[in-house]
Structure formats: structure tokens, C-alpha cells
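What follows is the residue order along each chain.
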Amino acid sequence: MAFEEMWETLRPIGRAGSGGYRRFSWTAADRECRAWFVEEARSRGLAVERDRNGNLFAWWDVEKNADASVGGLLASAASLAADAMAGDVHGEPVTGRRDAVLTGSHLDSVPDGGAYDGPLGVVSALAAIDLLRERGAKPRRPLGVAVFAEEEGARFGVACLGSRLATGAIDPARARDLRDADGVTWGEAMAAEGYDPEAIGPDTQLLSLACFIELHVEQGRALTAPVGLASAIWPHGRWRFDFTGAGDHAGTTRLADRRDPMLPFARTVLAAREAAMRHDAVATMGKVRVTPNGVNAIPSSVAAWLDARAPSEEAVRATVADVRAAAEDAAGRDRVEVSLSEESYTEVVDFHAELRDRLAKALGDPPVLPTGAGHDAGILSAHVPAAMLFVRNPTGVSHAPAEHAEPADCLAGVEALADVLDELACR
Ligand SMILES: [Zn+2]
């Protein structure tokens, strides 16, 4: 079946020695993933588009002579004209698809991420189109597959950057200046791939979708059936702590004379765990940058990132406030400066209830569950009806090389996605 073939061709791209993936935006691995997608889409006769924000789309358009009535043609000509009038200042060709059904996910990864997070949604979307064609189904409205850029935020720090840009959820100027660990900006990185960084920003075609459906591997152990539906995404965010002390010699500096930023950092990590337990949240400090990072040198500064999530905004805010208080207290005791900045925050997402009910009916009432993981579907849901299908994760491991889904469950996911797309786009 096409699913397995696609999976096998995608599998080696960006795979690290750990067995996990390093598919970071605008790197060679990312370029290869994009080329893979374009080739798979073209081989299916889908119209491939790239938007101004680094996202890719493959469209299965309504066949012109199928059921486009005269009225329908006039309507689409009118909406094309409206787009032209709206004046795309950057001269991007506007295809003017209206009321399209979009599915898909992302191909980038966290450092040493698993094979399924993102790619499962893209591969399943293409396989679902194959299945619809086998069944003889035809879209009555445009049906697209999206690959969203920088979903993990692994290189530039802001998750779902491609969908945030396309929906206007992030200021283009801020996005342009986001920097990776080497100081390269998002604007510079995309310019190197032939994009115009001055042209990034909201995309009318995306904002006029009929709906967006993202299939994704479940990332905990909450799903016991092969396929489920999402109810909500917990509010979540990322905060950066900068501890600044004084670099010095590890052998000759008396303990009493030190201003070692590693000490308050360490206390902050522990405080994050305690705060999370207090507020029924989850909090993680999984990224740290030590300067100068020498074994025989007291660090001069430590930058560390907190990821906090909970079922409610109050719990997230209370957790972060507690961690901040602990960091400031610890820094004061060690004569270290500390500052905190919020790099991103995403409010709770309650997925479109009517759409979810429709999908539940089409799929025979599968389990419905919330998730603590952020997704492009969550960003899009602020503007268009969005829903998510989850595929069972037997161990619950995710964002790690051992992430897994059973082949039979993946195929059940493709079937379910095809059923849903049939219902939404072909009837
Ligand atoms: Zn993902």
C-alpha cells in the first residue's frame, strides 16, 4: 500500500545516530523532506503551492467539468477578482480557493524526535487521497494537504511558526528576527531558500478554509482505541530565564566570592517540578545554554527555558509565577541577576464542537480526549473550524526516538481520515 511505501522513503531523511530525527527548518534535512512531499504530491497530480511563510500545500481541485455549475464558475471568478482587488502587495499569485477542506501536519522535528510526530499526518493525508480515489470519490470543494513550517519551534523557538504567520497570530517583524542558536534569523534562513522575508504574513486562502483536519500520533497513553478525536488543547507556553553571574576560575575563586548562575538555575529546575505538582500542571526545563560551557570555568551566564502546560490558564500562570518567584529568590541569594521573558503563549483550544460531532458520527463514536501538546490545528482553530484525529501511541513516548505507532493503527488512521475527508469534501 502507498502508506508503507511513502513511510519507507521518508524514514531515512534527517535521521540522527540516536535513531531519532533532526529535521530542523531550512536545513538540508528539511529541504529533503520538502522535496519528498513535492514529489509525492506531483506524482498524484496534485497542484503544489508554497505560500509566503514557508508552508507547502498540495491541492486536489474540483474537476472543472464535473459539477461546476455556471453559478459556481461565476462565484469563483468573482472571488478571484475580489482577491485581485484586495491587492496582494507582494505580487504572490492568488489561487482563490474558497471553502476548501485542508488536512496535513508538519515534517520538522524536535531534536532527536520520533518518526511519527508530524509526518504521520502528512503521509496519512496523501494515503487518504489515494484511498478516496480508489473508492471513486471526487472532491466537490478543493481538498488540500498542508505541510506547516517550524511547527516544533526547534530551531527558532516559537512553535507553529508557519501557521502563526499565515493566520496573523505573530507579528511578521518579530518572526523575521527570531534567531537560532547560531544567531541566524528566520528571515535570513528563509531568504537563503529563495523566499522573500519581507512578504511573510497572513494568508487569505488559509483564513477562508471550510475546515482544517489534522491527524497526529497521540503523545501520551490516553488513547486505547486505534483512533480518537481531540476535544481540546491545554493552554501552554515557553518562558526564557536568563541568569547572569560572573565567569571565573573553577579552582582559584573562593566559594564565598562566586556569583555562579548555575546555582539559581538548578534551584529553578527543582522549583518548576514542585510548582507543577502544586498546580496540577506539567512543567519542564529541557533546554539550557551555559556560557562559556567550560568544565573548569564558573559560568558567566545560563539561559534556560521553561515549558509549562495545564488544563486551565490559571494553573499555567500560577505555575510560572511560582517558578519565577523561586528563580528570583535563588538568584538573590547567589548575587546573580535573573530576567524572565515569555517567548510564546497559546490559550486553551476547544475544538469546534459541531465539526467534532460530525466527525464522531462519521467514525462511529471514537474516544474523544484532550491533549497537552500544541498543534497547527490549534492555531488554525482560532479562525476556521478545526478538528484532530489521534492515532494510538502504545507506549505514550513522543519527542523521543522510541515514539511509535503500530502499522495497523496507522492504516486505521488513514481509513478514518479518508472517511472524514469524504464526508467533508466529497459529499
Ligand atoms: Zn506534531
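The structure displayed is predicted, hence computed values, not measured ones.

Colleague: Describe the coordination of the zinc ion, with residues and values.
Modeller: With distances of 1.9 to 2.2 Å, the protein atoms coordinating the zinc ion are His-106 (NE2), Asp-117 (OD) and His-216 (NE2). On the primary sequence, the residues serving as donors to the zinc ion are separated as H-x10-D-x98-H. Of the two residues, His-106 sits in strand 3 (residues 101-106) while Asp-117 sits in the loop between strand 3 and helix 5 (119-134), which places them 11 residues apart along the sequence. For the residue pair His-106 and Asp-117, the accessibility class agrees, reading buried in each case.

Colleague: Help me get a handle on the sheet that holds strand 12 (residues 337-346), residues and values and all.
Modeller: Read across the sheet, 4 strands follow the order 9-11-7-12 without closing on themselves; strand pairing throughout is antiparallel. At either end of the open sheet lies a strand with only one pairing partner, and these are strand 9 (282-291) and strand 12. Each strand axis lies, on average, 15° off the axis of its neighbour in the sheet, ignoring direction. Two elements, strand 7 (residues 236-244) and strand 12, share 9 bridges in a ladder whose sense is antiparallel. When the sheet's bridge partners are listed, Arg-238 is paired in strand 12 with Ser-344.

Colleague: Residues and numbers for the side chain of Gln-205, please.
Modeller: Here Gln-205 shows up in helix 9 (residues 204-207). Relative accessible area serves as the criterion here: at 9%, Gln-205 is assigned to the buried category. A polar contact of 3.3 Å, which involves the side chain of Gln-205, links it to the backbone nitrogen of Arg-97.

Colleague: I'd like a rundown of the pattern of salt bridges, residues and numbers included.
Modeller: This structure, assessed with the given rule, holds 24 salt bridges. Residues Arg-240 and Asp-242 are paired through a salt bridge, measuring 2.8 Å at the closest nitrogen-oxygen approach. Look at Arg-240 and you get partly exposed, because its relative accessible area is 23%. One connected set of salt bridges, linked through shared partners, spans Glu-40, Arg-44 and Asp-130.

Colleague: Tell me about the nonpolar core, and name the residues and values.
Modeller: By size, the foremost hydrophobic cluster in this structure holds 72 residues, and its most contacted members are Trp-36, Phe-37, Leu-120, Trp-186, Ile-213, Leu-359 and Leu-389. Setting aside residues up to four positions removed in sequence, Leu-120 forms contacts with Phe-3, Trp-7, Leu-215, Val-217, Val-391 and Cys-410.

Colleague: If you had to explain the pairing of strand 15 (residues 386-391) to someone new, which residues and values would you point to?
Modeller: Residues in a regular strand point their side chains to alternate faces of the sheet. Burial runs high along strand 15: 6 of the 6 residues are buried. For strand 6 (residues 227-233) and strand 15, the ladder comprises 3 bridges, and the chain directions are antiparallel. When the bridges of strand 15 are listed, Val-227 appears paired with Val-391.

Calculation criteria
Along every chain, residues carry numbers that run from 1 in the direction the sequence is written. Residues qualify for local features only when their pLDDT is at least 70, as the model is predicted, and side-chain atom pairs are given and counted only at 80 or more; totals for whole chains, interfaces and linings, by contrast, use all residues. Excluding hydrogens and water, the side-chain values take into account all heavy atoms of the structure. Each metal site is built from N, O and S donor atoms within 2.8 Å (3.2 Å for Na, K and Ca), and since water is not included, such sites may look incomplete. The helix count covers DSSP runs of H or I at least four residues long, the strand count covers runs of E at least two residues long, and both are numbered beginning at the N terminus. Summary of the burial criterion: residues with accessible area below 20% of their type's maximum are buried, those above 50% are exposed, and those between are partly exposed, where the area comes from a 1.4 Å probe applied to protein chains only. The rule for pairing is simple: two strands pair if DSSP sees at least two bridges between them. Only the contacting stretch of a helix is used when fitting its axis, a line to C-alpha atoms as for every element, and angles between N-to-C directions run 0 to 180 degrees. Contacts described as polar in this section are N or O atom pairs within 3.5 Å, which, within protein, must combine one atom able to donate a hydrogen with one able to accept it, while residues neighboring in sequence count only if both atoms come from side chains. When a carboxyl oxygen of Asp or Glu is within 4 Å of a side-chain nitrogen of Lys or Arg, the pair counts as a salt bridge. What makes a nonpolar core is a set of buried Ala, Val, Leu, Ile, Met, Phe, Trp, Tyr and Cys residues whose side-chain atoms join them at distances within 4.5 Å. Only heavy atoms enter the contact rule, under which two residues are in contact if any of them lie within 4.5 Å.

No statement about biological role is implied by the geometric values presented.
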